[in-house]
Amino acid sequence: MHEQSTDSLLTIIAGEEDAVQQLQVIHAQPSMLGEGPCWDADNRQLYWVDIESGHIHRLDVDTGQVATADFGQKVGAVALRQSGGLIVAAQHGIYLFDMETREQVRIANPEADLPNNRFNDGKCDAKGRFWAGTMSMNGEPGKGALYCIEPDHTVRKMVESVNLSNGLAWSPDNTVLYYIDSPTFRITAYEFHLETGELGASGVVAHIPENLGTPDGMTIDAEGKLWVAHWGGSRITRWDPQTGRQIGEIPMPVSKPTCCIFGGDALDQLYITSARIGSSDEELAAQPLNGAVFRAQPDASGLPAHKFGG
Ligand code: CA
């Protein structure tokens, strides 16, 4: 692990004045495929991953110091553990990880028989279970799944025939799980039973117009409205799952925002990761911040991130 300074808090001065007035770059050094932002409220730190390089980054938002650990394989998402350290959804399974010692302990590998798959996005529910989904690295449709890892490390397959498992968010009352399988351009809601972790009936709550860009990572605010990052769409959008309507938007100066999460002491800041991968020289000339991490003031506040109980 190494520490580095970051040229943080560089305010963006281009774009629509009202929308960009408080959008900041908090880490300009680009990730190839920045993803999985996770807010550590206890330590005022932001974690995120670079899937392609297998790096896990941790930014102290007060000092601007960034610590980076090389996980040694593609890493899709991280979440905090209640007992300290991280749970990691990676190429070869689910791991417990210590950023300081770099100790890795694999606790699950439900797709050992699918070497072309890897884990992608993941997040914890209010009972300390870790939910993470998979995808084919070859883009094969329907090869992925969504899994639930219990604090005792038991693994259950919760959704089958997933194309590209992405955004996860639970309603504020923990009765609904919202889920994005990106190529479907839909946000699907599942009845969620918090005590058992079981899913019930499902239905589509929002159809995403393709011209907005592919729906990727997602979070939810305290009002139960969904915030979605649009890969290839240069925007974050806000949706009302009750009406299926888009009700807000943050234009981004990068083509591939990937995920967003609420952070800050009042959980009223939106941290946004982005990707540089696949950007042509022309795109990079026009969008030099592709791959940076941003912070927006979205005029909404989020819910605390849950930690893994195991
Ligand atoms: Ca993603």
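Whatever comes next refers back to the structure up there.
Description of the structure in this document. (Residues numbered from 1 in each chain as written. Predicted model: local features only at pLDDT ≥ 70, side-chain atom pairs only at ≥ 80, totals over all residues. Heavy atoms only, no water.)

Let us look at the pattern of salt bridges. For the coordinates displayed, the defined rule picks out 15 salt bridges. Note that Glu 249 is salt-bridged to Arg 235, the shortest N-O span being 3.0 Å. In this pair, Glu 249 sits in strand 23 (residues 245-251) while Arg 235 sits in strand 22 (residues 235-240), placing the two residues 14 residues apart along the sequence. Judged by its relative accessible area of 37%, Glu 249 is partly exposed. Three or more residues are tied together by salt bridges with common partners; here these are Asp 125, Arg 129, Glu 150, Arg 156 and Glu 198. (Salt bridge = Lys/Arg side-chain N within 4 Å of Asp/Glu carboxyl O. Helix = DSSP H or I, 4+ residues; strand = E, 2+ residues; numbered from the N terminus. Buried < 20%, exposed > 50% of the residue type's maximum accessible area, 1.4 Å probe, protein only.)

Its identity as a non-glycine residue notwithstanding, Arg 102 has a phi of 65°, on the positive side. By the secondary structure assignment, Arg 102 is in the loop between strand 10 (93-97) and strand 11 (104-108). In this structure, Leu 267 is a non-glycine residue whose phi angle is positive, near 50°. Examined against the element boundaries, Leu 267 turns out to sit in the loop between strand 24 (257-263) and strand 25 (269-274).

Moving on: the coordination of the calcium ion. The calcium ion binds to the protein through Glu 35 (OE), Asn 166 (OD1) and Asp 216 (OD), with metal-donor distances spanning 2.2 to 2.3 Å. Here the donor residues for the calcium ion map to a single chain with the spacing E-x130-N-x49-D. Of this pair, Glu 35 sits in strand 4 (residues 34-40) while Asn 166 sits in strand 16 (residues 165-170), and the two are 131 residues apart along the sequence. Taken individually, Glu 35 and Asn 166 each receive the classification buried, so the pair is uniform in this respect. (Donors = N, O, S within 2.8 Å, 3.2 Å for Na, K, Ca; no water.)

Remember that the coordinates give geometry; whether it matters functionally is a separate question.
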